[in-house]
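Geometric and topological summary
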Amino acid sequence: TCDYGFCITLSEREITAEAGLCAVIPCSFTPGYGFTVSSVVWFKCESSKPRCVESDIIFRSNKNRRNIQSGFEGRVSLLEPVVSLNNCSIIVNDITESDSGSYQLRVNVECDNRLKYNFNQQKLDISSGDTGGESGQN
Ligand SMILES: *[C@@H]1O[C@H](CO)[C@@H](O)[C@H](O)[C@H]1NC(C)=O
């Protein structure tokens, strides 16, 4: 049986990243009973948009390179490359100010040859800025 008890957890709602450094987005999920994970897709769009769309893709865990925003190619990777471990955390390298925005993900899972898309409704906002000179001071 395929049980639609699917859940994605983004443990943080907002992350502040420093330009030039990297940002880690912690993320995990529970596929429904009987489902296996086929791929994880991350999106990034303007924070004002309630939902990112296909042209906002920045990372896919499979070999498909279609529609990946050019500025993100090669800069995003999974912390845990084995998607069946239910860990969707990513690291984004070389953060620039234009990386500010809303990050969303979709986990593609499959059961009995039926494909189910899951789009997380939660948004995670990353803001980035050059805070050079201020780090290390309280
Ligand atoms: C996901 O994987 C990373 C890297 O192995 C690890 O640091 C992190 O704790 C994992 N997250 C969860 C929720 O297991």
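In this text the structure is predicted, and so the values were computed from the model without any measurement.

Turning our eyes to something else, we now look at the site of the ligand. All residues in the neighbourhood of the ligand are listed as Ser28, Leu79, Glu80 and Asn87. In the environment of the ligand, an oxygen atom lies 2.3 Å from a nitrogen or oxygen atom belonging to the side chain of asparagine 87. For the ligand, the protein covers 38% of the area, taking 360 Å² as the surface of the free molecule. Here the residues of the shell around the ligand sort into one nonpolar, two polar and one charged.

On to the sheet that holds strand E3 (residues 23-25), then. Sheet strands pair by backbone hydrogen bonding; their relative direction is either parallel or antiparallel. Sheet architecture is open: three strands sit in the order E3-E8-E7, paired in antiparallel fashion. Only two strands of the sheet have a single partner each, and these edge strands are E3 and strand E7 (76-78). Sheet twist, expressed as the mean angle between neighbouring strand axes with direction ignored, is 20°. Alignment of E3 against strand E8 (residues 90-92), held across three bridges, turns out to be antiparallel. When the sheet's bridge partners are listed, valine 24 is paired in E8 with isoleucine 91.

Note on placement: glutamine 104 falls in strand E9 (residues 101-111). With a relative accessible area of 1%, glutamine 104 lands in the buried category. At 3.3 Å, the side chain of glutamine 104 and the backbone oxygen of proline 50 are in polar contact. Polar contacts involving the side chain of glutamine 104 include one to the main-chain amide nitrogen of cysteine 52, which spans 3.0 Å.

Criteria and cut-off values
- Throughout this description, residue numbers start from 1 for each chain and increase along the sequence as written.
- Owing to the predicted nature of the model, reporting of local features is limited to residues with pLDDT of at least 70; listing and counting of side-chain atom pairs is limited to 80 or more, with chain, interface and lining totals taken over all residues.
- Here the side-chain values reflect all heavy atoms present in the structure, with hydrogen atoms and water set aside.
- Proximity criterion: a residue is near a molecule or strand once any of its heavy atoms comes within 4 Å of it.
- Counting of polar contacts relies on pairs of N or O atoms within 3.5 Å, with two restrictions inside protein: one atom must be capable of donating a hydrogen and the other of accepting it, and residues adjacent in sequence are counted only when both atoms are side-chain atoms.
- Accessibility throughout is a Shrake-Rupley quantity obtained with a 1.4 Å probe, and a residue counts as covered only by protein chains that appear here.
- Residues are sorted three ways: Asp, Glu, Lys and Arg are charged, Ala, Val, Leu, Ile, Met, Phe, Trp, Tyr, Cys and Pro are nonpolar, and all the rest, Gly among them, are polar.
- In this scheme, strands are said to pair when DSSP sees at least two bridges between them.
- Helix and strand assignments come from DSSP, with helices taken as H or I runs of at least 4 residues and strands as E runs of at least 2, each series counted from the N terminus.
- Here, axes are lines fitted to C-alpha atoms. For helices the fit covers the stretch in contact, and angles between N-to-C directions go from 0 to 180 degrees.
- To sort residues, take the accessible area from a 1.4 Å probe on protein chains only and compare it with the maximum for the residue type: under 20% means buried, over 50% means exposed, and anything in between is partly exposed.

Everything listed here is a matter of coordinates, which is why it stays silent on function.
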